[in-house]
Every structure is written in C-alpha cells, then in structure tokens.
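# Notes for the structure review
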Amino acid sequence: KRQSDRVTFDDLLSRIDAALSDPERSEQLRMAIRQRWSIAIIDEFQDTDPVQYRVFAECFHGCGFYVVGDPKQSIYGFRGADVRAYLDARKDAASTHTLGKNHRSHPDLVRAVGCIFDGPAAFAQDGIEMPPVEAAFTKDELAVVGIEGAALQLRCVDNASIATEAKEELRDAIALDIAAEIHRLLNDPAVQLREPTGMRRLCPSDFAVLTRTNDEAEKVQECLRALGIHSAIGKSGNIYGCREYDE
C-alpha cells in the first residue's frame, strides 16, 4: 500500500486512533478537529466498533457529542461492528433519552411486539432490553379494517410433501404464501386502511417484506410479479463486489 500510495478506511481509523494516543500530537489534533466541527452527532451508532467510538470520544470529550442508536438493530457484526461499543457509550453518557412512542403501528401490534421481547435475556446480550413503548395513534386513527385475527400472526407452511431438509423448496413455498396473501389483501374490497385523513384501499406500497438475503427477496419479488404486483428491493447488491470490500 505504501508503494502505491493507498490507504484504506481501516488505515484512516487506525492512524487517527494512534495519533490521539500520542502525547505529542493528540492535543493539537483534537484542537484542529474541534475548530472544524463543534458538535458530533452519529446515527445508527449500534453499528460502530470500539475504535470508532474511541476516536469520537477522544475528539469530542467535554463538547457536544451525541449518539443515536438501537442495539436491537445491530446487524453488521460480519463487518466488524460491535454492539458493545454502543453499550459502552450509553454507560459513559452524561444523560440518555428513549423514544417512547411508535408513530407507525397499530396499538395492538405495539403491545404484541412488546410482550414477545419483554422476557429475560430476550436479546441474548446483557444491557439490551425492550423499553416500554406506546403507540402514538389510537385504534380509531390507524388500523387495517376487514381483517380478522390478532394484530401479530405467525404463518406456517402447511405442506406435508416438503421434507424439512429441503430448504429451497420451503423458501419457495414461503415466498408463494407471502405473495398470495398480499394479493388477497390488495384485491379484497372489504380490506381498507383507516388513517387520520380517512379510509382508503390498500396499495402495494403499504406492504414491506423483510428477508435475510437478497436471494430470498428476489424469490418474493418473482412471486409478486407473477401476480401482477409491482415491487422494489431496497439496498440490493453484493457487498463483496464493491470497491470498499476490495480495500
């Protein structure tokens, strides 16, 4: 890298981390950074690592340093993120605040999710728990009407002909079931969305399907396309094919 005059993202972090640990350079570096940026606000902080936290904590100690994150959403351990950096930051913080209202979901769904994750060690990591959350809307302000059953439901693949070890066949069956259910809800005139602005029929953009992999997302999209339902896959692509991964 020296011969080609190149540095990677990790190089940038490790170099500034070393400089901040050097008594001869640290104060001058901190002063230069604070003169340029008086406040640091870091979103999605649960996906940082100890080196990143150490750098920002050193640079902005005693200044305006704010972190925003949710440890329950920490999903980038494969690229070096360490949720313990978030937990350390929360422990070191002068004060903490939690968003206690959900502005997206029906009250029954908010309560159901809270019940699932309210048990001991629900997230298998000390220091991570489900805080009390209330719904901002009432049942009369936000609801899908015309659907029977609980707000949170579990669907099972009922096909005895599929062997439990046939994972691809199971994924295909799940994708077909998801698409069929979305198609049913879109085409049932009795199913409508009640919003603060009034009642309306459901549309494709009201649905979101979360998958573990892009391949699974593409399976669902294929099934939706076969039923004439438009969809888009967000943040698709192979991380291993980008320039940052090469570096």
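See the structure above.
Summary of the structure given here. (Residues numbered from 1 in each chain as written. Predicted model: local features only at pLDDT ≥ 70, side-chain atom pairs only at ≥ 80, totals over all residues. Heavy atoms only, no water.)

With that settled, the discussion passes to the packing of aromatic side chains. For the structure shown, the criterion picks out five aromatic pairs. When the centroid spacing of 5.8 Å and the interplanar angle of 85° are considered together, the rings of Phe-45 and Tyr-53 count as edge-to-face. Judged by its relative accessible area of 12%, Tyr-53 falls in the buried class. Relative to Phe-123, the ring of Phe-117 lies with its centre 5.2 Å away and its plane at 15°, an arrangement referred to as stacked. Phe-117 sits in the partly exposed class, given a relative accessible area of 32%. For Phe-123, a relative accessible area of 22% puts it in the partly exposed group. Cluster of aromatic residues (ring-pair linked, three or more members): Phe-56, Phe-60 and Phe-65. (Phe/Tyr/Trp six-rings, centres within 6.5 Å; stacked < 30°, edge-to-face > 60°. Buried < 20%, exposed > 50% of the residue type's maximum accessible area, 1.4 Å probe, protein only.)

All right, on to the pattern of salt bridges then. Opposite charge on two side chains makes pairing possible when the charged atoms of those side chains draw close. Considering all chains together, one arrives at 19 salt bridges under this definition. Measuring nitrogen to oxygen at the nearest pair gives 3.4 Å for the salt bridge that ties Lys-139 to Asp-108. Of this pair, Lys-139 sits in the loop between strand E4 (134-135) and strand E5 (143-145) while Asp-108 sits in helix H5 (residues 107-116), placing them 31 residues apart in sequence. Lys-139 gets classed as partly exposed once you look at its relative accessible area, which sits at 43%. A relative accessible area of 27% means that Asp-108 is categorised as partly exposed. (Salt bridge = Lys/Arg side-chain N within 4 Å of Asp/Glu carboxyl O. Helix = DSSP H or I, 4+ residues; strand = E, 2+ residues; numbered from the N terminus.)

To continue, consider the pairing of strand E6 (residues 192-195). The pairing of E5 with E6 spans three bridges and is classified as antiparallel. Across the sheet, Val-145 pairs through a bridge with Gln-192, a residue of E6. Two strands pair when backbone bridges link them, and E6 and strand E7 (residues 198-201) are joined in this way by four bridges, in the antiparallel orientation. Following the sheet pairing, Arg-194 is matched in E7 by Met-199. Between E6 and the antiparallel strand that follows it, E7, lie two residues. (Pairing = 2+ DSSP bridges.)

In terms of nonpolar packing, the biggest core is built from 13 residues, with Ile-182, Leu-186, Leu-202, Leu-224 and Ile-229 touching the most fellow members. Among the elements of the structure, helix H6 (167-187) and helix H7 (214-226) are those that each provide at least two residues to this core. Counting residues per element, this core draws most heavily on H6, which supplies five residues. Setting aside its immediate chain neighbours within four residues, Leu-224 contacts Ala-179, Ile-182, Ile-229 and Ser-231. The next biggest cluster of nonpolar side chains, apart from the first, holds nine residues, and it includes Ala-85, Tyr-86, Leu-87 and Ala-89. (Core = buried A, V, L, I, M, F, W, Y, C linked by side-chain atoms within 4.5 Å. Contact = heavy atoms within 4.5 Å.)

Before going further, it helps to examine the packing of helix H1 (residues 9-20) against helix H2 (residues 26-36). At their nearest, the axes of H1 and H2 sit 7 Å apart, and the two run at 120° to each other. By the angle between their axes, H1 is oblique relative to H2. Contact residues: H1 offers Ile-16, Ala-19 and Leu-20, while H2 offers Ser-26, Leu-29, Arg-30 and Ile-33. Partitioned by chemical class, the residues of the contact of H1 with H2 number five nonpolar, one polar and one charged. (Axes fitted to C-alpha atoms, helices over the stretch in contact; angles between N-to-C directions. Parallel < 35°, antiparallel > 145°, perpendicular 65-115°, else oblique. Nonpolar A, V, L, I, M, F, W, Y, C, P; charged D, E, K, R; others polar.)

Further remarks concern unusual backbone geometry. With phi around 55°, Glu-44 is a residue other than glycine that occupies positive phi space. Tracing the backbone shows Glu-44 in the loop between strand E1 (39-42) and helix H3 (50-60). Judged by its relative accessible area of 41%, Glu-44 is partly exposed. For Ala-121, which is not a glycine, the phi torsion comes out positive at approximately 55°. With respect to the helices and strands, the residue Ala-121 is situated in the loop between H5 and E4.

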